[in-house]
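Spelled out from the first residue to the last, the chains are:
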Amino acid sequence: MGAPAERPQFERALGRRLGGLVGVAALAGLAWVARDVPLALGGRLAGARAERAARSPRFRNGAFHNPASTRTMVPEPGRNLLWELVFGKQKRRPGAAVPLLRPADVPGEADKSRELNIIWYGHASALIEIEGRRVLLDPVWSERCSPSALVGPRRLHEPPVRLDELPALDAILISHDHYDHLDLPTVRELLARQSAPFVVPLGVGAHLDRWGVPAERIIELDWSESHRVGGLEITATAAQHFSGRGLRRDGTLWSSWVVAGAHRKVFYTGDSGYFAGYAAIGAEHGPFDATLVQIGAYDRAWPSIHMYPEEAVTAHLDLRGGLLIPVHWATFNLALHDWSEPVDRLWAETKARDVRLAVPRPGERVVVDDPPAVDGWWQSVA
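Fair warning: this is a prediction, and the values are worked out from it, not measured in the lab.

Asker: Explain the nonpolar core here, please?
Answerer: By size, the foremost hydrophobic cluster in this structure holds 69 residues, and its most contacted members are Ile-128, Trp-329 and Trp-339. Among residues more than four places away in sequence, those in contact with Ile-128 are Leu-116, Asn-117, Ile-118, Arg-133, Arg-134, Val-135, Leu-137, Val-259 and Val-266. Of all hydrophobic cores here, the second largest spans 24 residues; its members include Trp-141, Ile-174, Val-187 and Leu-208.

Laid out in structure tokens, this is it:
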């Protein structure tokens, strides 16, 4: 052991070494946690894909645009959104476990040529069973809707089924590239377990391409373009929203979708503010047996890009819809309203305007011709 005078110097040197080791370990840990983040950000427009995007009427000055001028954020004097997010009194989570169901078999001998069922898995993820075909919408099975597995909005309920329990799919539709609609781990598993094509708006194929989806399984559509698969005609239609997975905005298109068979039709809004385009879509493609309409994650700070529940009902009527099934609520905390507020407001509005409504529990199969009565199940867990 050294002399007493040497001990402080030795301890300082040891402390510096330990501090350096801790710093290296912390950086290594951070790098390990963030290892998938660059990949999750996706790809960018290049080559033939960029050339095709440039020919779109919606593309100018290097980005896609809505037909009408929109703002993704509207400042409000005296309102601090960050303070409200942290200290607001809204009840943005359910107070008890969200009830999950496994899809029940359709009773009786169903006529597959006229079949139309919807299974909502939570948030915007849903399965359309139409005329013997299966179309999956915006599948997100991850714990978080984020490029990171450790930070970002976390699920408020588990998926009601595993991805390996899904039936064979005919198509996988993506409405736009936000993390709560396009999820890298889910895409990877569907790539391995399914053979269905991914039908996506222009530019979104760049993300799938970077994630290893083969070119023959990527179908990119501009608005008003269609693709036929298994007797179904799938058409990309207008929406009023935006896109982006990193700092760059609007490098890919956003879309709503028409899924049409020989006898049945379904419309899915994707994410959108209310706009006049719904009436045009209804006139061209309607009437629809069912609409899946976004109702959650709205706020007066972004009124142009997400619908209020009352606007969702107006959109459904514009579309000439039959049964309204709400989506984009219950699973992720993405706004400042109470967890149950979107569906409470929707239920009141549909009753006031005599609109047929089904509010399934996650995992519940809705037979569109014989939907379950609305029973307010969410109120017991709110």
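After that view of the structure, there is still more to cover.
Asker: Please explain the packing of helix H8 (residues 309-318) against helix H9 (residues 341-352) as it appears in this structure.
Answerer: Helix-helix packing: each pair is described by the crossing angle between the helix axes and the interaxial distance. The geometry of H8 relative to H9 is characterised by a closest axis approach of 8 Å and an angle of 45° between their N-to-C directions. In terms of axis orientation, H8 runs oblique to H9. Read as a crossing pair, H8 and H9 show a hand that is right-handed. Across the interface between the two elements, Pro-309, Glu-310, Ala-312 and Val-313 of H8 pack against Pro-342, Arg-345, Leu-346, Glu-349 and Thr-350 of H9. Its residues assigned to classes, the contact of H8 with H9 comprises five nonpolar, one polar and three charged.

Asker: Whenever I open this one, the sheet that holds strand S12 (residues 265-268) confuses me. Can you help?
Answerer: In space, the seven strands of this open sheet follow the order S9-S10-S11-S12-S13-S14-S15, with mixed pairing throughout. Only two strands of the sheet have a single neighbouring strand rather than two, namely strand S9 (226-229) and strand S15 (356-357). As judged from the five bridges shared by strand S10 (residues 232-237) and strand S11 (residues 256-260), these two strands associate in the antiparallel manner. Bridge pairing in S11 places Ala-236 opposite Trp-257.

Asker: Looking at this model, I keep getting lost on the side chain of Arg-79. Mind explaining?
Answerer: Within the secondary structure, Arg-79 is located in the loop between strand S2 (63-64) and helix H4 (81-87). What makes Arg-79 buried here is its relative accessible area of 17%. Within the local environment of Arg-79, its side chain forms a polar contact with the side chain of Asp-299, the two groups lying 2.7 Å apart. The contacts of Arg-79, once residues within four sequence positions are left out, are Glu-84, Asp-299, Arg-300, Ala-301 and Leu-336.

Asker: Just to check I follow, could you spell out the side chain of Arg-264 for this structure?
Answerer: Considering the arrangement of structural elements, one finds Arg-264 in the loop between S11 and S12. Within the structure, the side chain of Arg-264 is placed 2.8 Å from the side chain of Asp-369, a separation counted as a polar contact. Once residues lying within four places of it in the same chain are set aside, the contact partners of Arg-264 are Arg-114, Glu-115, Leu-116, Ile-130, Glu-131, Val-259, Asp-289, Val-368 and Asp-369.

Asker: Hey, could you run me through the layout of surface pockets in this one?
Answerer: Empty space among the atoms can be located by rolling a probe the size of a water molecule over them. Of the volumes computed, that of the largest pocket is approximately 760 Å³. Lining the largest pocket are 27 residues, with His-178, Phe-242, Trp-302, His-306 and Leu-334 sitting closest to its centre. When grouped by side-chain class, the residues that make up the lining of the largest pocket number 15 nonpolar, eight polar and four charged.

Asker: How should the environment of Val-37 be read in this particular structure?
Answerer: Among the secondary structure elements, Val-37 is positioned in helix H2 (residues 37-40). Take Val-37: its relative accessible area is 21%, and that puts it in the partly exposed class. As a C-alpha pair, Val-37 and Ser-146 span 109 residues in sequence and 8.9 Å in three-dimensional space. Setting aside its immediate chain neighbours within four residues, Val-37 contacts Pro-147 and Ser-148.

The rules we used
Residues numbered from 1 in each chain as written. Predicted model: local features only at pLDDT ≥ 70, side-chain atom pairs only at ≥ 80, totals over all residues. Heavy atoms only, no water. Core = buried A, V, L, I, M, F, W, Y, C linked by side-chain atoms within 4.5 Å. Buried < 20%, exposed > 50% of the residue type's maximum accessible area, 1.4 Å probe, protein only. Contact = heavy atoms within 4.5 Å. Axes fitted to C-alpha atoms, helices over the stretch in contact; angles between N-to-C directions. Helix = DSSP H or I, 4+ residues; strand = E, 2+ residues; numbered from the N terminus. Parallel < 35°, antiparallel > 145°, perpendicular 65-115°, else oblique. Left-handed = near helix turned anticlockwise from the far one by under 90°. Nonpolar A, V, L, I, M, F, W, Y, C, P; charged D, E, K, R; others polar. Pairing = 2+ DSSP bridges. Polar contact = N/O pair within 3.5 Å; in protein donor to acceptor, adjacent residues only side chain to side chain. 1 Å grid on protein atoms, 1.4 Å probe; cavity = no way out; pocket = protein on both sides within 12 Å on 5 of 7 lines; lining within 4 Å. Points joined across faces, edges and corners; volume = space filled by probe spheres on them.

That is the geometry; function is a separate question.
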